[in-house]
Amino acid sequence: MPIPEDVTGDEIDKDVRQELQSLPKGLAEDVAKNLVMVARLIDEDPEGAYGYSKVALRLASRVAAVREAAGFAAYASQKYSEALAEFRAARRMTGNVELWPVMADCERGLGRPEKALDMAGAPEVHKLDKAGQVEMRLVAAGARRDMGQLDAAIVTLQSPELASNSVQPWTARLRYAYADALLAAGREDEAREWFAKAVESDKDGSTDASDRLAELDGVEFVDAFAEDEDEDEADTEGAEKVVEDDDVEDDEGDLKD
């Protein structure tokens, strides 16, 4: 797959670069460039990221960072079975547990929420950092909802992290998930309160909490561009009608002559 000229491979994380030092220099550079493309495309073009990850995987399948990148690209493309296999491979290579929550979410994607809940109660969870534990809680709550257990999902999300007034990288997503679960359970007033709290903590727009809050408040958004296009079309149609009328009058005048 083509690599843009502005991609040098130096953009990758230093830890990943260190892993690639086990490869011959030229090969390491090629792998690094493909990993950069995975990171660049994974949000906007998951399938494109997946394609570059497959190239990197073909070049260096024994590098844990490559297997992890391939896993996230497959995960973003909803290829959950493939993602789970890559995450497991990366974990075997490193012994790290940080991929545990996303592995559990892959089980959800494969229609196995019970397995995700089993993983949420496994000893590995205690080895996760705070961000990983919050992520695991989100996955567990999602699994509960998959099983139709709304009340249990709400209870799962109730935690010191949810109640805390300090804003952390996970705060907006945790508050959003709680609000969404409350709304699904028919607790609209509480849901509105928590969507508002999610908006307060969502500085980078990682959720659509503001849109959900507006919907609850009955606010309708109008697409200004669509309105402009409609007006332009109306003006064009009006101009065409005037021209047609002028042509008819000219034709009538010619017949009289």
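It should be emphasised that the depicted structure is a prediction, and the values quoted were computed from it without experimental measurement.

> If you had to explain helix α2 (residues 25–41) to someone new, which residues and values would you point to?
Structurally, the α-helix is built with 3.6 residues per turn, so residues lying three or four positions apart point the same way. Taking 1.5 Å per residue, 17 residues should reach 24 Å; α2 reaches 25 Å between its end C-alpha atoms and fits that length. Restricting attention to buried positions, one finds in α2 the residues A28, V31, A32, N34, L35, V36, M37, V38 and L41. Looking at the buried side of α2, the elements it contacts are α1 (14–20), α3 (46–59) and α4 (64–76).

> Now, about the packing of aromatic side chains: what can you tell me, with residues and values included?
Within the structure shown, the criterion is met by four aromatic pairs. Taken together, a centroid distance of 5.4 Å and an interplanar angle of 70° make the contact between Y176 and F195 edge-to-face. Residue Y176 is found in helix α11 (residues 171–184), and its partner F195 is found in helix α12 (residues 188–201); the two are separated by 19 residues along the sequence. With relative accessibility at 18%, the residue Y176 sits in the buried group. Of the residues examined, F195 reaches a relative accessible area of 0% and is grouped as buried. The aromatic ring of Y50 is capped on one face by K79, whose charged end is 4.4 Å from the ring centroid. One cation-aromatic arrangement involves K197 over W194; the distance from NZ or CZ to the ring centre is 4.0 Å.

> Before we move on, can you summarise the pattern of salt bridges with the specific residues and values?
Tallied over the full model, the rule gives 16 salt bridges. Here E47 and K79 are joined by a salt bridge, their closest N and O atoms 2.9 Å apart. Residue E47 is located in helix α3, and its partner K79 is located in the loop between α4 and α5 (80–94); the two are separated by 32 residues in the primary sequence. Taking relative accessible area as the criterion, E47 reaches 44% and is therefore assigned partly exposed.

The rules we used
Counting restarts for each chain, with residues numbered from 1 along the sequence as it is written. Reporting of local features is limited, given that this is a predicted model, to residues whose pLDDT is at least 70; pairs of side-chain atoms are given and counted only at 80 or more, and all residues count toward the totals for whole chains, interfaces and linings. The side-chain numbers reported here are obtained from all heavy atoms of the structure, hydrogens and water having been left aside. Helix and strand labels come from DSSP, where a helix needs a run of H or I of at least four residues and a strand needs a run of E of at least two; each type is numbered from the N terminus. In a helix, the anticipated span is given by 1.5 Å times the number of residues less one. Each residue is assigned to one of three classes by its accessible area relative to the maximum for its type, calculated with a 1.4 Å probe on protein chains only: buried under 20%, partly exposed between the two thresholds, exposed over 50%. Residue contacts follow a heavy-atom distance rule, with two residues in contact if any of their heavy atoms lie within 4.5 Å. Aromatic rings from Phe, Tyr and Trp, taking only the six-membered ring of Trp, are treated as a pair when their centres fall within 6.5 Å; an angle between ring planes under 30 degrees marks them as stacked, one over 60 as edge-to-face, and anything in between as tilted. Here, over-ring charges are defined by two tests on the NZ atom of lysine or the CZ atom of arginine: distance to the ring centre within 6 Å, and angle to the ring normal within 35 degrees. Take a side-chain nitrogen of Lys or Arg and a carboxyl oxygen of Asp or Glu: if they are within 4 Å of each other, that pair is a salt bridge.

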